[in-house]
Amino acid sequence: MISFLSSVLIAGRENVTDPVVRQKYGMLCGAVGICLNLLLFAGKFFAGTVANSIAITADAVNNLSDAGSSLITLIGFKLAGQAPDLNHPFGHGRIEYVSGLIVSFLIILMGVELLKSSVEKILHPEAVDGSPLVIAILMISICVKVYMYLYNHGIGKKIDSAAMKATALDSLSDTVATLAVLGATVIAQCTGAMIDGWCGILVAFFILYSGVSAARDTISPLLGQKPEEAFVEQIEKIVMAHPEVQGMHDLIVHNYGPGRVMISLHAEVPAQGNILMLHDAIDNIECELKERLKCDAVIHMDPIVTDDPAVNALKEQVMARVQAIDPALSIHDFRMVAGPTHTNVIFDLELPYHFHLKEEAVVQQLKDFVSELEGHRYFAVIQVDHSYVGGAPKALDKQAGN
């Protein structure tokens, strides 16, 4: 059904990187979810009333809350698609994450309420009616929820939407909940065992787990999670493909919502090069990043000496020492400033977060190493940086063969 509706209602539906297409997919799935959940609520509420089952009735109320969740998803995609304005120059894309977070909280709330109702059912058990009509309604509900999970999960993965993935987890939780209710109803009908409340407790814990997982996945991008490794590699490949760039470092990816990404980085260029030509090359790289990766880029040029054998030789020595300490370390912006009594060897050192050695200890090791070179006339000036793209920092350097 979703495939048919998307083919009719969404122009260019395969271009999922287009914010307009993403918005239409989200709103379509939200609208379908509202309709299906309202139908399930009506059917389950009727079945719960007939069967005198608190679990079935609670499951019906859950479907009503799911309709609200679908409405939140629909509204979230609608608001997230608004154009940037004076007060929000980076757009409104993060509203999609907020809507996913609200859905997660609703899942958790539903789990808490079901847990309370289940405990009450254990303390005051009542007979459960397992008529064929009730069983049929529950089985239909399971099939519908499996379908909703599949299309929400598939579309969420297709358009890379945390909100859609949270909605998919909600549908999966409902599937498990209804399966447990169906099992309890059948067992009660066949054996007379009153396990309605106990099944409700198991389902409640599963729902709570799903809600917490969904909340974690939506909170992470709001807090500023590291970018996808494949995205970082694409940036590096594009930048380093230009012969004017000798190295790159200090990459930062700012995510303001799907389709609204800004990046900044430092590109090392030959100090002896023509500044106007180098600036033009950097402009071309920024345009290429925008065209190919749909992101706005700001690139800072770092001039480095590439034709001085003494500087290059010393840099190789320092890099070898850095790698000997740990291959996860890297250096950049290497330069030398000569003075009457000593020469300053200046460079930036990139350390991973939670490195096994203290920052001060690594810096001191390198200072001691530099000071012992060439008759003790070198003095190291080291600036410590940390990577913003996760994992071990990577300062790409053509001279180093990276």
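Fair warning: this is a prediction, and the values are worked out from it, not measured in the lab.

**Focus: the sheet that holds strand β5 (residues 343-351)**
Then, in step 1: The strand order β4-β5-β6 describes an open sheet built from three strands, whose pairing is mixed. In this open sheet, the two edge strands, each paired with only one partner strand, are β4 (330-338) and β6 (378-386). Taken over all neighbouring pairs, the strand axes of this sheet differ in orientation by 15° on average, direction set aside.
Then, in step 2: In the sheet, β5 pairs with β6 via nine bridges, with the strands oriented parallel. Bridge pairing in β6 places Leu351 opposite His386.
Then, in step 3: In the packing of helix α10 (residues 309-325) onto the sheet, contacts are made with β4, β5 and β6, and the angle to β4 comes to roughly 140°.

**Comments concerning the packing of helix α4 (residues 95-123) against helix α6 (residues 162-191)**
Then, in step 1: Two numbers describe how α4 lies on α6: the axes approach to 7 Å, and their chain directions differ by 20°. By the criterion of interaxial angle, the relationship of α4 to α6 is roughly parallel. Considering the relative orientation of α4 and α6, their crossing is left-handed. Judged by residue contacts, Glu96, Tyr97, Ser99, Gly100, Val103, Ser104, Ile107 and Met110 of α4 engage Ala162, Ala163, Ala166, Thr167, Asp170 and Asp174 from α6.

**Some details on the packing of helix α1 (residues 2-9) against helix α2 (residues 19-51)**
Then, in step 1: Following both chains from N to C, one finds α1 and α2 inclined at 135°, their axes separated by 11 Å at the closest point. By the criterion of interaxial angle, the relationship of α1 to α2 is oblique. Here α1 runs over α2; the crossing is right-handed. Across from Ile2, Leu5, Ser6 and Leu9 in α1, the residues of α2 making contact are Lys24, Tyr25, Leu28 and Val32.
Then, in step 2: The residue makeup of the contact of α1 with α2, split by class, is six nonpolar, one polar and one charged.

**Quick notes on the environment of Gln23**
Then, in step 1: Within the secondary structure, Gln23 sits in helix α2.
Then, in step 2: In this structure, Gln23 is in contact with Phe77, Lys78 and Gly81, ignoring residues within four places of it in sequence.

**Some details on the nonpolar core**
Then, in step 1: In this structure, Phe231, Ile235, Val239, Leu251, Ile263, Leu265 and Leu289 are the most contacted members of the largest nonpolar core, which totals 25 residues.
Then, in step 2: Breaking this core down by element, the ones donating at least two residues are α8 (229-240), β1 (247-255), β2 (261-270), α9 (275-293) and β3 (295-304).
Then, in step 3: Top element by residues in this core is α8. It accounts for six residues.
Then, in step 4: Of all hydrophobic cores here, the second largest spans 23 residues; its members include Val318, Leu349, Val362 and Ala380.

**Here we look at the pairing of β5**
Then, in step 1: For β5, the buried fraction is high: eight of the nine residues fall into the buried class.
Then, in step 2: Relative to β5, β4 runs antiparallel, the two sharing seven bridges. Bridge pairing in β5 places Arg335 opposite Ile346.
Then, in step 3: Between β4 and the antiparallel strand that follows it, β5, lie four residues.

**A look at α10**
Then, in step 1: Compared with the 24 Å implied by 1.5 Å per residue over 17 residues, the 25 Å span of α10 between its first and last C-alpha is a close match.
Then, in step 2: One side-chain oxygen of the residue at the start of α10 lies 2.9 Å from the amide nitrogen of Ala310, identifying that residue as Asp308.

**Regarding the packing of aromatic side chains**
In this description, an aromatic ring pair is defined by two values, namely the gap between the centres and the angle between the planes.
Then, in step 1: The full count for this structure, using the stated rule, is four aromatic pairs.
Then, in step 2: Their ring planes at 5° and their centres at 4.3 Å tell us that Phe90 and Tyr256 sit as a pair that is stacked. Taken as a pair, Phe90 in the loop between α3 (54-80) and α4 and Tyr256 in the loop between β1 and β2 lie far apart in primary sequence, 166 residues in all.

**Topic: the confidence of the model for the protein**
Then, in step 1: The share of residues in the protein with pLDDT of 70 or more is 94%, and the mean pLDDT across the chain is 84.
Then, in step 2: The element-level mean pLDDT for the protein is lowest in strand β7 (residues 396-397), coming to 70, with α9 highest at 94.

**Quick word on helix α11 (residues 359-371)**
Then, in step 1: If you check α11, its first and last C-alpha atoms are 18 Å apart, about what 13 residues at 1.5 Å a residue would give, namely 18 Å.
Then, in step 2: Taken residue by residue, α11 has Val362, Val363, Leu366 and Val370 as its buried positions. Projected down its long axis, α11 carries its buried residues within an arc of 95°, all on one side.

**Overview of a nonpolar patch on the surface**
Then, in step 1: On the surface, Phe4, Val8 and Leu9 cluster together into a nonpolar patch covering about 340 Å² of accessible area.
Then, in step 2: Note that Phe4 resides in helix α1.

**Description of the side chain of Thr73**
Then, in step 1: Note that Thr73 resides in helix α3.
Then, in step 2: For Thr73, a relative accessible area of 2% translates into the label buried.
Then, in step 3: If we skip the residues at most four places from it in the chain, Thr73 touches Gly26, Val103, Met164 and Thr167.

Cut-off values and rules
- Position numbers for residues count from 1 along each chain, tracking the sequence in the order it is written.
- Predicted model: local features are reported for residues with pLDDT of at least 70 only, side-chain atom pairs are reported and counted for 80 or more only, and whole-chain, interface and lining totals are derived from all residues.
- Computation of side-chain values: all heavy atoms of the structure, hydrogens and water removed.
- Here, any two strands with at least 2 DSSP bridges between them count as paired.
- Only DSSP runs of H or I with at least four residues qualify as helices, and only runs of E with at least two residues qualify as strands; both kinds are numbered from the N terminus onward.
- For helices, the fitted line uses only the C-alpha atoms of the stretch in contact; every axis is such a line through C-alpha atoms, and the angle between N-to-C directions lies from 0 to 180 degrees.
- Two residues form a contact once any of their heavy atoms are found within 4.5 Å.
- Should an angle fall under 35 degrees it is called roughly parallel, over 145 degrees roughly antiparallel, and 65 to 115 degrees roughly perpendicular, with every other angle called oblique.
- Crossing handedness is read from the near helix: turned anticlockwise from the far helix by less than a right angle, it gives a left-handed crossing, and turned clockwise, a right-handed one.
- The residue classification treats Ala, Val, Leu, Ile, Met, Phe, Trp, Tyr, Cys and Pro as nonpolar and Asp, Glu, Lys and Arg as charged. All others, Gly included, are polar.
- Buried Ala, Val, Leu, Ile, Met, Phe, Trp, Tyr and Cys residues that are joined via side-chain atoms within 4.5 Å together make up what is termed a nonpolar core.
- Three labels apply to residues, based on accessible area from a 1.4 Å probe with only protein chains included: buried if under 20% of the type maximum, exposed if over 50%, partly exposed otherwise in between.
- A helix's residues, less one, multiplied by 1.5 Å, set its expected span.
- Counting of polar contacts relies on pairs of N or O atoms within 3.5 Å, with two restrictions inside protein: one atom must be capable of donating a hydrogen and the other of accepting it, and residues adjacent in sequence are counted only when both atoms are side-chain atoms.
- Between rings of Phe, Tyr and Trp, where Trp is taken as its six-membered ring, a pair exists when centres lie within 6.5 Å; planes separated by under 30 degrees are stacked, by over 60 edge-to-face, and by other angles tilted.
- What pLDDT reports is the predictor's confidence in each residue, on a scale of 0 through 100.
- By definition, the arc is the one covered by directions from the helix axis to the C-beta atoms.
- Patches in this entry comprise residues that are over 30% relatively accessible and not in a salt bridge; like charges within 9 Å are linked, as are nonpolar side chains (Val, Leu, Ile, Met, Phe, Trp, Tyr) within 5 Å.
- Methods summary: accessible areas were calculated by the Shrake-Rupley approach with a probe of 1.4 Å, and residue burial reflects only the protein chains presented.
- The rule for a salt bridge is simple: a side-chain nitrogen of Lys or Arg has to be within 4 Å of a carboxyl oxygen of Asp or Glu.

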